[in-house]
Each structure stands twice: as C-alpha cells, then as structure tokens.
Amino acid sequence: MTVALDHRQLTAGQGAWPRHLIALAATAAALLLLFAHDSADLARLYWTSTTFGHCLFIAPVVGWLVWLRRAELVRVTPRAWAPGLAIVAAGGLAWLAGQAAEVALARHLGLVVMLQGAVVTLLGPAVARALLFPLLYALFLVPFGEGLEPPLQRVTVAMTLPLLHLAGVPARVDGVLITIPGGYFEVAEACSGAKFVLAMFAFAVLVANVCYLSWARRAAFLAVSLLVPVLANGLRAFGTIYAAHLTSVEAATGFDHIVYGWLFFALVMAAVLALGWRWFDRDPDAAWIDPARLPRVTRGVIAPGLAAALTLTTAAAFPAWAQAIAARRDTLPARIDLPAVPGWSRVGMSRAAPWSPHYPGADHFLIGRYADGRGQAVDLAIAVYAAQRDGAELVGFGIGALRENDRWVKVADLAPIAGGAAMRLTAAGPVERVVASWYRVGGTLTASPARVKLATLRARLLGGRQAAVALHLSAEGKGAGAAIAAFARALGPLDALADRMTKPR
C-alpha cells in the first residue's frame, strides 16, 4: 500500500509540474518586463559596479540549489495557492515606497519579493517550504550594503595607522586621509572593503547551508567569514601604503589594484573555507527535503492560469498607483533670485578653489558668494524642484555637495552647524572647505538624507506640497564653520527662505 501511494504521489507530482513551471516562467518574465526599468537597473549594477559584482552569481547559485533538490521535488505536487498573493502585494508596496521616495534599494527589494511571491503563488506552500533556502538566498539579488562603507572606512584607518607606526613609517591621519612622507592616501569608499565583506557574506551564507547542519557551527562560520575580510582589508591597506613608502605611490597603488582585484579575494575566500573545512558536518549524500514533513494544502488552491493572472494584476496595480502619484507637481516661480542678506554683500566666486553642488535635475539652481566687513566669505547654493522624480532627487549617489569623481574629497563629518549636517572637504592645493547642508520637503526642514526620503514618501503618498529645496552654505580655510554659522544667523529661518523660493509670485 505504501509503495502504491508513493507511486501515485510521484505520478501526480510529475504530471503537475510542467504546467505550473510554464505558468511560473511566463509570470516571472512578465514581471521583469512590467518593471523593465528596475530590471535593467539591476543588470547594469551587476555588470558595472565593483561593489555588487557578486550579484551576477546569485541567480546561477539559486538555480544550482534548486537542482540539488530535484530528486525530492518531483515527489511534491505543486498547487497554485491564492494566499501567496499577499507576498506579491508586500513586494509591490515595497516597490511603491521606493518609487515614491526615490529609494532604489526599496524598488529592487520589491521586485525580488514579487518574484518570490510568484513562486509561492504558482507552486504553493509545500514547494515553497521545500525551496525555502533557495528562495531566501535570492534576496542577495538585491544590491544592499552601501551603508557599510563609512564604518568600514573608519575601521580600515584605525587598523592601518598603528601598523604603519609599528613598521616605522611616519604617518598621520586626518579623517580618511593617511599621510606619509611620500604622499597621502585616501581610504575611499571603494577601499573600505565593503564589496569584499558583502561578497564574503553571500558566500558564507551559502557554505553555512550547504556544508553545516549545526546552527552553532553555522553561526561561527558566518562570524569568521565576516571578521577575516575586515582584518585582511586592513592588512591590504597597510601593505599598499608601506609599499609606497619603500617604492612610489604610483607603483604601489597600481600593484594593489591588480592584487586586490584578482588574487586577494580568492586567497582570503580559500583561507576561510580551509579554516572551516574540518568542522563540516553535513553528509554530501543526505537528502535536502523530507516530502513527508511538508505542509498539506487544503485551502486556497486555484488554477495555475488564474494564479498567474492574479499575480500580474496585483503587481500591475502598483505601477499604476505610482503613475498617478508622479502626476503631482507644484507650480514654481518663473524666476528666483538669491536673497539679500543683512550685513553681507555679493562678491565674485572663488577662483582658487571653486566649488558647486551637483543637482542635474533641478528646476532652479542658484549659487553665489557673500562677504561681510570682516573678510569672511560664504557660498550659498540653492536647488529647487517642483517635484522629485527619477533623475531629479534631493539626495542620492553623486547628487548634492559632492558629485561622482569630484575634485573635492570628503575628509570627515563635522558637528552640526546651525542645525545643518556639516562635512570637511579637501582638494589639490591643498585647499580645505566646510559645507553645511539643509533640505526642505513637504513642510519638513531637515539635515538628514534619511528624513528627506521619509518626507518625500509622505508627500508623494499622502499629498501636500511636492516642492523640494536643497540649501548649502560653504566656506574655505580656517574659521569656515564660524563664518557659516554667522551667515546662517543673518540669513534668518531657512524654512522660510526655502518656502519663498517655491511660492509662485
């Protein structure tokens, strides 16, 4: 009887798989086309970004993980399941929030979650449970982790300087700049080791699942896999600067890029794998799935064709909603001018160290320099938007006080000045400059990029003022912070200034 039951179950499962897989493939392709902009954006990031290059391997790895489970999967009967649409809707809401707030990470996460929801909806909870790890591992398709770069920069600097002193190299640090007699090195975001840590994290999660059964061993392997690349990156930075001390900056940095790009990651990955090898406790021949322990579906079962249609209908509702939101736009003055500031007069812009923030999509952009009777000079830059949209945002990569590949380098964050987020910059010369920043969105004045995104989300979804303004005050040399604070006091309430810039006359 047991053999006959298993044979009927196997036959039923094999017979149902083709139509469910065809429906799933068609639905996934339609979702990628429906969100073609984000699909193309992900492909571009995978191909061009060194930080997210490891994402290119995630889809093949997910396919391999599914293939490992093929012998057990054929014994599971797929059933289209209506409650899976809740996951599709959750992904759609995440995408909508990202679209409204101009947060690419949320859009990308939403698209991946919608694809995961399509799997659950088209194949059912039993198959989804059997494929739980591959489904969750697909989250590594989302390019996340850029926020790790600043803290990892600080860790790299904190490790490198003592090692240089131990090796007898006279070095000093200023923010993210390390200076030795032969020149200076910027521990830039690209040198923070974030891309290495993210790739190692994805690799370690895979190894922890494939090679270990004990959760304690999995946790230990993950911890070592995250710690080792951080330490190794600090040693790499030390080695590069020490080599420059012995030879030249050009020779050391050129060699560093070759070694780090081609050999360093592979060697550290191999070392971590060798370190954890002796504690592998999973039998390579053990089954991945126990079909008898999978959930039985009794409710919510629908036809595969209907499931595909409902999945696409649910997903399509969110771009339609976003389209309606995108039509909201405030009316701006045809012309705006820089304000008159009591005690300060307009003067010519700096020729020694010109600086200008980058707002390529602004409806209005103004910049000017003011000086007072004591010789203090401050630059005021204002960017005004009737509404934010893709390519026209207040905050984003390469947008704002620093553009991509700028001649100015951020040295360190400073204490707030008059409530504005302040940073210290340097450029060849050397010339130093301080920049303080504020943003006005939907009635909120803030110096926080995160709050800008939240205020943008609230304004886009709930209505209200769509206009947005960025304000920057900047000064050069010693006393720059005091000059900015004095100018901000003379300028008056910044929220009132921003509102005047957006109010039609």
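Residues numbered from 1 in each chain as written. Predicted model: local features only at pLDDT ≥ 70, side-chain atom pairs only at ≥ 80, totals over all residues. Heavy atoms only, no water.

**Let's talk about the packing of helix α5 (residues 85-101) against helix α13 (residues 449-462)**
Part 1: Look at α5 against α13: their axes get within 8 Å of each other, and the N-to-C directions meet at 105 degrees. When the axis of α5 is compared with that of α13, the two are roughly perpendicular. The residues of α13 that touch α5, namely those facing Leu96, Ala97, Gln99, Ala100 and Ala101, are Lys453, Thr456, Leu457, Arg460 and Leu461.
Part 2: Within the contact of α5 with α13, the residues separate by chemical class into six nonpolar, two polar and two charged. (Axes fitted to C-alpha atoms, helices over the stretch in contact; angles between N-to-C directions. Helix = DSSP H or I, 4+ residues; strand = E, 2+ residues; numbered from the N terminus. Parallel < 35°, antiparallel > 145°, perpendicular 65-115°, else oblique. Contact = heavy atoms within 4.5 Å. Nonpolar A, V, L, I, M, F, W, Y, C, P; charged D, E, K, R; others polar.)

**As for the sheet that holds strand β3 (residues 183-186)**
Part 1: With antiparallel pairing, the three strands of this open sheet are ordered in space as β1-β2-β3. One side of each edge strand has no neighbouring strand; the edge strands of this open sheet are β1 (172-174) and β3. Each strand of the sheet is rotated relative to its neighbour by a mean of 25 degrees, with strand direction disregarded.
Part 2: Relative to β3, strand β2 (residues 177-180) runs antiparallel, the two being bridged by four bridges. Along β3, the bridge assignment pairs threonine 179 with tyrosine 184.
Part 3: Of the strands in this sheet, β2 and β3 are in contact with helix α10 (residues 215-246), which crosses β2 at around 25 degrees. (Pairing = 2+ DSSP bridges.)

**Comments concerning the confidence of the model for the chain**
Part 1: Across the chain, pLDDT averages 89, with 93% of residues at or above 70.
Part 2: For the stretch residues 1-5, pLDDT sits under 50, and the model shows zero contacts to residues farther than four places along the chain or on other chains. (pLDDT = per-residue confidence, 0-100.)

**Topic: the pattern of salt bridges**
Part 1: The tally for this structure, following the rule as stated, stands at 15 salt bridges.
Part 2: Ionic pairing is found between arginine 424 and aspartate 174, a salt bridge with its closest N-O pair at 2.6 Å. You can see arginine 424 sitting in strand β8 (residues 420-427) and its partner aspartate 174 sitting in strand β1, a full 250 residues away along the chain.
Part 3: In this structure arginine 424 comes out as buried when scored by relative accessible area, which is 17%.
Part 4: Its relative accessible area of 24% is what places aspartate 174 among the partly exposed residues.
Part 5: Of the charged contacts, one joins aspartate 372 and arginine 374 as a salt bridge, the two residues approaching to 3.7 Å between their closest N and O atoms.
Part 6: Taking the relative accessible area as the measure of exposure, arginine 374 reaches 68% and is therefore exposed.
Part 7: Each of Arg369, Asp379, Arg433 and Glu476 takes part in salt bridges that share partners, so that together they form one network. (Salt bridge = Lys/Arg side-chain N within 4 Å of Asp/Glu carboxyl O. Buried < 20%, exposed > 50% of the residue type's maximum accessible area, 1.4 Å probe, protein only.)

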